[in-house]
Amino acid sequence: MLLGDEVELNFDEHYFYLPDGVVFRKPSALLFSRSQASSRSGCCKACGGIGKKIAADFDEIIKKNTPLHDGFLDVPLTKSGRYVGFKFLPTGLSSLIKKQGIDTSKTFNGLSADAREMLLGILTNKLLSNHTDENTRQYLKETNCSACEGSGYSYQTRAVLVNGKSIDYFLNLTANELRSELSGMGLEKDELARLNDFLSVIDKLAIGHIGLNRPTSSISSGEAQRLKLLDVLMSNHSGKIIVLDEPSANLQYHDNLAILDAILKLKARDNCVIVVEHNPLYHNISDRILHVGPGAGAEGGYVKESFPTFLPTQQLAFHVKRPTAKVNASFTTLTLKPKRNVRLESIKIPGECFTAVVGSSGAGKSTLVLEMMYSSLIESKVPVVKLDSKPPGKSTASIVATYLEVFDDIRKEFSREATPYLTESDFSFNARGACPVCNGSGNEGGKPCGVCFGSRYKPDVLLTKVEGLSIVDVLQLNILDINTSKAFGFLSNVRRILDALSLAHITLGRATSSLSGGELQRLKLAKFILRHKRTLGKERAVVMLDEPSRGLDSTGVSQLYEVLLEYLAGLTVIAIEHNPEFIYRSTYIIDLGRAIGEKNQDNIVAGYLGDKDFPSLNYSLLSDEIKASKDSLQPIAFNAAKPGVPDAASEGRYFQFLPHLYIKQNNFDVERQFSNRFSIQKNDGNFRLFKSRDELQKAVGEACPLLFNPLVSHLEKFPKVPVSVFKAVTAEYKGRELYLSEDPWRMLVKAVSFDEAFLKGAGVVALPNGDFPGPATINYYGIRLFNLAERIVDGIQPDKYAFNLYRNACIYCKGYGHFKSYPFEKWIDKRFSPFDARMTPFGLNRVMPKATISHFAKEGLFDFSVPPSELTDDEYNILLYGFKAYKFQKPGKPGVVQDDFWEWRGLNSYVYHNAAKLSPREDLNTHLGWRECPFCARGFKKTVTQYVCDGKTIVSFLDS
Ligand SMILES: [Zn+2]
Ligand SMILES: [Zn+2]
Ligand SMILES: [Zn+2]
C-alpha cells in the first residue's frame, strides 16, 4: 500500500495519480478557501497561505574568495565594531562558525555544499531574529513562496483548472479583466448573467481597476467607501438607514454618476440614504438638504433645512467659464521611470503656473505626480515640496500650534509674564503644566475632565494672563478673536494665512490627529507658506498638492485659489484635483482619463485649459443622465406617506444641532428644553447654580473673603477621597489660610482672587455668610451642582452637557443602560468576604488581584475584608463591577497600558478573564446575560436625576 496501513482515504473525496501516488482532492467550496473559518483548507502548507516567504539575500555581501577568518562579509561595521544589521562581532562570527566544525581558513567557495548551507543558515537565523531592525531588513527580502508560486493555495487547489487556468490566475485579475474571461469559463447561463451584472456594477462604481486579491488595507478611502457601497447595493437591503461619508472624495466628476445612480436605487428600495457631501451634484438629487453651519468650528452647530430643485449642469456654479490669462510658459521636460500602469518616459510641465492633474480614481494621478515626477525632480536637484494628506503625527499631543511652530513662542510669552513662579515647561500640557487628574489629556472616560474642563492644564497655569487671555484661551479661541497687534504680534501672519485658507475655525490647541484630510492638506500649505514666506519667490520651487480643495465649498475654493495666487505665484504648482471649481481656475491640465488600462503618450491629454478637449472635464449630458435616472424611478411610497412632507414654514429654519445618540427627532427637543429650563430638584438654600462663569462672577461681585474647596473634583467620584490625594492636597496648601476639618466635604482654602477660587475649586466658589471664621454658614456658588447636605457633586456643567447622553454617559455601561453580567445573586454567598474561598462555588478568591486590593484598602476607599452582607448597595455594585472612578498609577510606570495602574475592575471582569481557570469543566460564559446597569439612569450618569423640568426628570421624559 502506497500510504501505509494507518491512512484511510475516502474515495468520494480524494483522487489518486497512480504513477507517483500523489493524492488530489475532489473540488468543493472548502478546497478553494484560505479562511480560518474553513480551517484554512485550501492553504499552501509551505507558507500557511500567505504566499510570501522572508529570505535573506547574501549574494552581494559574501566575499566568496576571502578566507572565513579574515572577515568574509562585505558589510560595514557599527561604532562598536559589529556588522551592521547582523550584530555579530567579526571575531564572534568566525568562532561561532568554527564551533559548528567549519574550517575557517577556507574561503566560501572552498566549502562543501553542506558547510555552505550551514553557514548561510547561521547568518539567516541571525537576521531573522533581528528582523525588526531597519538595518537588518535591507538584507532580508520578501520572495514568493516557491511551493505555491506566491498564490498561497495548496497544489491540490491549484490542480483544479477552469478553462485551463487555476484559481490564482483568476484572482490576479482585476474585476474588469475578469469580465472578458467569463465567456470561456463554461458557466450556467443564469450564473453568467449574475456575474456579468455584478462585475458591471463594480466597473460603474469605479473600482473595476482594483486587483481581486489586493488586500483591502491597501486601497484608498474613496475606493473602500465604494467597495462598501457595492456590498450594500448587491445585498438588496430595504428599510435601512445607509450613511455615506463623502463618497465623491477622490472621484472625477464623471465617476460620480454610478454612485448617484446607486443612491437612487437604494432609495427606491425604501432605504433612507444620508450622504455627507460638498459636491453640488449630490445636492441635486437629494430630497432634503441639511446645511450644517452656518460657519465652521465654534460658529457651526446649527442645521438649516432646504429642499433642492433640480439644476441642469450648465447652471451649476463651476460651469461658468472663467477667463484664463494667456500665458507663454517655459516648459521643463522631466525624465520619468515608468511605474505601475503609468508607462511614461517623460512629461513636460509648464514653469511658474498652475497645473491640475485630473483623471478617474485609479487612473494613476498619485503615481504620476507624487512618485514619478517627484523622484525625477529630486534627481535633477530641482527644489520640490510635496504637500500630501498624510498626518504629521498620530499623537494627541501634536496640536496645531506645535505643528505651525508657534507654541514655543506662546509659552515664552506666558512664562515672561509669570516669571519667576512659572517656567516655560509649566505652560506645556505635556510637561509640568499637565492637569493632575487627566494627565493633560483633557478628558476622562470620554467626557471633559471635571477639573480642567478639558483645557488639559493644571489650574495655576490659567491664572497667568497675557493681553487678558490665559494660555487656554489662546489655544481655544478662534484665532480671529486674538488681538495680534501687541504681545501676540508673532501670531499675525499665522492668523492671516489660516483665515485665508478657511482654517480659522481650527483652534491652535486642536490635535492635528483630529483634522480631516482637506484641513490637514491646507494646514501643511499654511506651514509651508509661513516658513518660506520671505524666500518663496526666489526659490523657483515646484510645489505638489494632493486635492487641496477637499472638504471646501465654493467660497472656500475661491479663497484657497486666491491664497495660492498670492503666495505661490512664480512657483510651479502641480495639484491633483477633482473639484471643477479648482480645475477651471488652473492654467494647464494633464488628464489621465478613465482608470482602465495603461497610460502612455497616446492617451494622456495635456494642454492649456480651453485649447483642448479633456475627456475628464466633459460634463455635457452628465446632469441629463442623472435626471433621466432620477425620473425613471417611481416616486417612493415613504415620501408620499410621510406626515410631515416639507412645508414652507419649516424651510430655512435653524434647529439646535445635537450629537447623534437620539434617533427620534423629538428627543432633540427634550434635550434642548431641559438645558434651557431645568431646575434643581434638591432644595438647598446654601447653593446657587449658574450657567456660566461670568454670571457666577457677577453674582459674587466684590465679596471677600472668597473660599474654595480644593477637593471638589475628587468628591464627585466617590464620597471618600483617597488618602494619598488628601495628603497631597493638604500639603499643597500648607501655609495658606486653611479651614480644614477632617471632613473633605468641608475643607476650605482662602483664595487670593476670584480666578483662583473658581479654577481651584473646580467651578464651585464658597462665600462665608457673615463673619468667618466663626459660626457662619457657608454659601456655595457654582457652575455645577454641589450639595453639601446630600453629599452630591455633579461632574458636569448641567446646561451644557448633562442632558446629552453622549457627553454625560454612565462610565460603566457607556450610555447603553445595560451590560453583560454573571448571575452573581445566585453565585455569591454574602456571608463570606471576597478573600474567603466560600464566597463563590468556584473559589473566585484565587484570581483576585491582591496588590490592587491592598492598594485600595490603603487609600481608604474599600475594605475588601468585609462580607457583602455588610456593604451598602453602592459598595456591593462596586465590588461586582469595578471602581471606574479611581485608578492609581504604579510608581515608575509610564501609565500607558492597563497594567501600569492599580485598578479594581470588579468581580464580573475577573470571572470573565479567568473563566477557564475558575471552572475547567463548565463554560461559565454561558451564564452571561444582559442586566440593567445599576450605576445609572437609562445610560445617563445618575446625577442627571437631580434636575427636573416641569417636575419630571429627563429619564421620565424619554420613557414616555
Ligand atoms: Zn506557499
Ligand atoms: Zn484635566
Ligand atoms: Zn450605566
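It should be emphasised that the depicted structure is a prediction, and the values quoted were computed from it without experimental measurement. (Residues numbered from 1 in each chain as written. Chains lettered and ligands numbered in written order. Predicted model: local features only at pLDDT ≥ 70, side-chain atom pairs only at ≥ 80, totals over all residues. Heavy atoms only, no water.)

## Here we look at the coordination of the zinc ion (ligand 3)
For step 1, the next point in the chain: Listed as protein donors to the zinc ion (ligand 3) are C810 (SG), C813 (SG), C933 (SG) and C936 (SG); their distances from the metal cover 2.2 to 2.3 Å.
For step 2, the next point in the chain: Note that the zinc ion (ligand 3) binds four donor atoms; their angles at the metal cover 102 to 118 degrees, and the shape is tetrahedral.
For step 3, the next point in the chain: The exposure class of C813 is buried, given its relative accessible area of 5%.
For step 4, the next point in the chain: On the basis of relative accessible area, C936 is assigned to the buried category, the value being 10%. (Donors = N, O, S within 2.8 Å, 3.2 Å for Na, K, Ca; no water. Tetrahedral: all angles 85-135°; square planar, octahedral: opposite > 155°, others 65-115°. Buried < 20%, exposed > 50% of the residue type's maximum accessible area, 1.4 Å probe, protein only.)

## A look at the pattern of salt bridges
For step 1, the next point in the chain: Under the defined criterion, the tally for this structure stands at 33 salt bridges.
For step 2, the next point in the chain: The salt bridge involving D261 is made with K265; its shortest N-O contact spans 3.1 Å. Of the two residues, D261 and K265 are both situated in helix 9 (residues 256-268); the distance of four residues between them amounts to about one turn of the helix.
For step 3, the next point in the chain: K265 gets classed as partly exposed once you look at its relative accessible area, which sits at 40%.
For step 4, the next point in the chain: D829 serves as the salt-bridge partner of R831, at 2.7 Å between the closest nitrogen and oxygen. (Salt bridge = Lys/Arg side-chain N within 4 Å of Asp/Glu carboxyl O. Helix = DSSP H or I, 4+ residues; strand = E, 2+ residues; numbered from the N terminus.)

## Let's talk about the packing of helix 17 (residues 517-532) against helix 19 (residues 554-568)
For step 1, the next point in the chain: Close contact between helix 17 and helix 19 brings their axes to 12 Å; oriented N to C, the two are set at 25 degrees. Comparing their axes, helix 19 and helix 17 come out roughly parallel. Both helix 17 and helix 19 take part in a crossing whose hand is left-handed. In this structure, helix 17 contributes R522, L525, F528 and I529 to the contact, and helix 19 contributes L560, V563, L564, Y567 and L568.
For step 2, the next point in the chain: In the contact of helix 17 with helix 19, the residues fall into eight nonpolar, no polar and one charged. (Axes fitted to C-alpha atoms, helices over the stretch in contact; angles between N-to-C directions. Parallel < 35°, antiparallel > 145°, perpendicular 65-115°, else oblique. Left-handed = near helix turned anticlockwise from the far one by under 90°. Contact = heavy atoms within 4.5 Å. Nonpolar A, V, L, I, M, F, W, Y, C, P; charged D, E, K, R; others polar.)

## Brief notes about the packing of helix 16 (residues 492-500) against helix 17
For step 1, the next point in the chain: Direction vectors running N to C along helix 16 and helix 17 enclose 140 degrees, while the axes themselves pass 10 Å from each other. Here helix 16 lies oblique to helix 17, going by the angle between them. The hand of the helix 16/helix 17 crossing is right-handed. Contact residues: N493, V494, I497 and L498 in helix 16; L523, A526, I529 and L530 in helix 17.

## Considerations on the environment of T464
For step 1, the next point in the chain: Among the secondary structure elements, T464 is positioned in the loop between helix 14 (459-462) and helix 15 (471-476).
For step 2, the next point in the chain: In this structure T464 touches F414, E417, A418, L422, F427, L469, S470 and I471, once residues within four positions along its chain are discounted.

## Some words on the sheet that holds strand 12 (residues 384-387)
For step 1, the next point in the chain: Pairing within the open sheet is mixed, and its six strands lie in the order 12-15-16-11-17-18. With one partner strand each, in any of the chains shown, strand 12 and strand 18 (605-608) form the two edges of the open sheet. Neighbour to neighbour, the strand axes of the sheet diverge by 15 degrees on average, direction disregarded.
For step 2, the next point in the chain: Alignment of strand 12 against strand 15 (residues 542-546), held across four bridges, turns out to be parallel. Considered in strand 15, the bridge of L387 is made with L545.
For step 3, the next point in the chain: Along the sheet, helix 11 (residues 365-379) makes contact with strand 11 (354-358), strand 12, strand 15, strand 16 (572-576) and strand 17 (588-591), crossing strand 15 at roughly 160 degrees.
For step 4, the next point in the chain: In the packing of helix 17 onto the sheet, the strands contacted are strand 12 and strand 15, and the crossing angle to strand 12 comes to about 150 degrees. (Pairing = 2+ DSSP bridges.)

## Observations regarding the side chain of R411
For step 1, the next point in the chain: With respect to the helices and strands, the residue R411 is situated in helix 13 (residues 407-418).
For step 2, the next point in the chain: The class for R411 is buried, based on a relative accessible area of 13%.
For step 3, the next point in the chain: Once residues within four sequence positions are removed from consideration, R411 is found in contact with E424, S425, F427, S428 and I471.

## Section: a nonpolar patch on the surface
For step 1, the next point in the chain: On the surface, a cluster of nonpolar side chains totalling about 280 Å² of accessible area is made up of I241, V243 and I274.
For step 2, the next point in the chain: Along the chain, the position of I274 falls in strand 6 (residues 272-276). (Patch = residues over 30% accessible without salt bridge, like charges linked within 9 Å, V, L, I, M, F, W, Y side chains within 5 Å. Areas by Shrake-Rupley, 256 points an atom, 1.4 Å probe, with all protein chains shown as cover.)

## Digging into helix 11
For step 1, the next point in the chain: Counted at 1.5 Å a residue, the expected span for helix 11 with its 15 residues is 21 Å, and the 20 Å between its end C-alpha atoms agrees.
For step 2, the next point in the chain: Among all positions in helix 11, only K365, T367, L368, V369, L370, M372, M373, S376 and L377 are buried.
For step 3, the next point in the chain: Once helix 11 ends, the next one or two residues include K381, with phi positive near 60 degrees. (Expected span 1.5 Å × (residues − 1).)

## A few points about the nonpolar core
For step 1, the next point in the chain: In this structure, I471, L508 and L568 are the most contacted members of the largest nonpolar core, which totals 112 residues.
For step 2, the next point in the chain: Take this core: its biggest share by element is seven residues, from helix 19.
For step 3, the next point in the chain: Here this core gathers at least three residues from each of two domains, domain 2 (397-514) and domain 3 (682-802).
For step 4, the next point in the chain: Once residues lying within four places of it in the same chain are set aside, the contact partners of I471 are F407, I410, R411, F414, F427, Y457, V461, L462 and T464.
For step 5, the next point in the chain: The next biggest cluster of nonpolar side chains, apart from the first, holds 40 residues, and it includes Y886, W902, Y910 and L918. (Core = buried A, V, L, I, M, F, W, Y, C linked by side-chain atoms within 4.5 Å. Domains from an automatic or database assignment.)

## Quick word on the confidence of the model for the protein
For step 1, the next point in the chain: In this model, the protein carries an average pLDDT of 81, and 88% of its residues clear a pLDDT of 70 or more.
For step 2, the next point in the chain: Confidence, read as mean pLDDT per element, is least for strand 19 (residues 654-656) in the protein (28) and greatest for strand 10 (residues 346-350) (93).
For step 3, the next point in the chain: A low-confidence stretch, residues 634-663 stays under pLDDT 50, and its non-local contacts, those more than four residues away or across chains, total 47 contacts. (pLDDT = per-residue confidence, 0-100.)

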